[in-house]
Amino acid sequence: MTRLVVGPTGALARALGAVAPPERMGQAVAAILEQQPTELAIIGTGGGPAPLGATPTDDLSAALDRTVGLALVAVKVAGQLEHPVRIALIAPAAALMPDHADGVRSVAGAGLAMLGEIAAATPGMAASTVAVADGVPPEEVAAVVDLVLGGTAPALNGATIRLDGGRDAVLAAATRAEEG
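The structure presented is a predicted model; accordingly, all values stated were derived computationally and were not measured.

### Topic: the environment of Gly-47
So, point 1. Within the element layout of this structure, Gly-47 appears in the loop between β2 (39-43) and α3 (57-78).
So, point 2. In this structure, the C-alpha to C-alpha distance between Gly-47 and Glu-139, residues 92 residues apart in sequence, is 19 Å.

In structure tokens, the structure reads:
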């Protein structure tokens, strides 16, 4: 099995076993075609909180290119390989519960989660999304990605796994309590 990590360099990439992963679309395509991975981890987190309405269009476009655009191209190229590929899309936690103060990452996260569901239905591909909150240790994210990619749970496909320490569940419960 060959694992390829795609996305920004940093602590999470290192925890996943990559020192300098391909960060740009062209680099990712070349690496996928050259390495022919059976496991693909796509890091789509990053950037600080930014409200959608206050973000200039060019900045929003660049952020989505670095996350959803990169992931879309990587998944498309991986789907053309002649062997099955397991994919872990690592998204911001806002993929599951949008945060209006962090609209840019909410949009990117939602795009990554939807891409994971579409990829999961593609023959020869198994894909799941790991939605990660700020402050979750990279090693913990890597452990979940290992589970998603490792093949020890072959039925794990099309799932979105939330790593937020239960924060969204607490927020949802508090919101429901206020409504009642």
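Picking up where we left off.
### Description of helix α2 (residues 25-35)
So, point 1. Every buried residue of α2 is accounted for by Ala-28, Ala-31 and Ile-32. Buried positions in α2, seen along its axis, are confined to an arc of 100° and lie on one side of it. Projecting away from the buried face of α2 at angles above 90 degrees are the exposed residues Gly-26 and Glu-34.
So, point 2. Where α2 terminates, the next one or two residues include Gln-36, which has phi positive at roughly 50°.

### A look at unusual backbone geometry
Residues apart from glycine generally show negative phi values, whereas peptide bonds are mostly found in trans.
So, point 1. For Gln-36, which is not glycine, the phi torsion reads 50° and is therefore positive.
So, point 2. Here Gln-36 shows up in the loop between α2 and β2.
So, point 3. Gln-36 sits in the partly exposed class, given a relative accessible area of 33%.

### Re the sheet that holds strand β4 (residues 125-132)
So, point 1. Spatially, five strands are ordered β1-β2-β3-β4-β5 in an open sheet, and the strand pairing comes out parallel. Sheet topology places β1 (3-6) and β5 (160-163) at the edges, where each strand pairs with a single neighbour. Here the strands of the sheet are splayed against their neighbours by 20° on average, with no regard to which way each runs.
So, point 2. Bridge count for β2 against strand β3 (residues 85-92) is five bridges, and the pairing is parallel. Each residue of the ladder has a partner; that of Ile-43, found in β3, is Ile-90.
So, point 3. On the sheet, helix α4 (residues 103-120) packs against β3 and β4 and is oriented at approximately 160° with respect to β3.
So, point 4. Together, β1, β2, β3, β4 and β5 form the strand contacts of helix α5 (residues 138-150), whose direction differs from that of β3 by roughly 150°.

### Section: the side chain of Thr-129
So, point 1. Note on placement: Thr-129 falls in strand β4.
So, point 2. For Thr-129, a relative accessible area of 0% corresponds to the buried category.

### Quick look at the nonpolar core
The nonpolar side chains of a soluble globular protein tend to be buried with one another.
So, point 1. In this structure, Ile-32, Leu-40, Ile-42, Val-75, Ile-87 and Leu-89 are the most contacted members of the largest nonpolar core, which totals 25 residues.
So, point 2. Listed by contribution, the elements that provide at least two residues to this core are β1, α2, β2, α3, β3, α4 and β4.
So, point 3. Residue contributions to this core peak at six residues, all from α3.
So, point 4. Ignoring any residue separated from it by four or fewer positions in sequence, one finds Val-75 in contact with Ile-42, Ile-87, Leu-115, Ala-119 and Met-125.
So, point 5. Counting residues in each nonpolar core, the second largest holds 22 residues, with Ile-43, Ala-142, Leu-156 and Leu-163 among its members.

Reading the values: rules and limits
Residues numbered from 1 in each chain as written. Predicted model: local features only at pLDDT ≥ 70, side-chain atom pairs only at ≥ 80, totals over all residues. Heavy atoms only, no water. Helix = DSSP H or I, 4+ residues; strand = E, 2+ residues; numbered from the N terminus. Buried < 20%, exposed > 50% of the residue type's maximum accessible area, 1.4 Å probe, protein only. Arc of directions from axis to C-beta. Pairing = 2+ DSSP bridges. Axes fitted to C-alpha atoms, helices over the stretch in contact; angles between N-to-C directions. Contact = heavy atoms within 4.5 Å. Core = buried A, V, L, I, M, F, W, Y, C linked by side-chain atoms within 4.5 Å.

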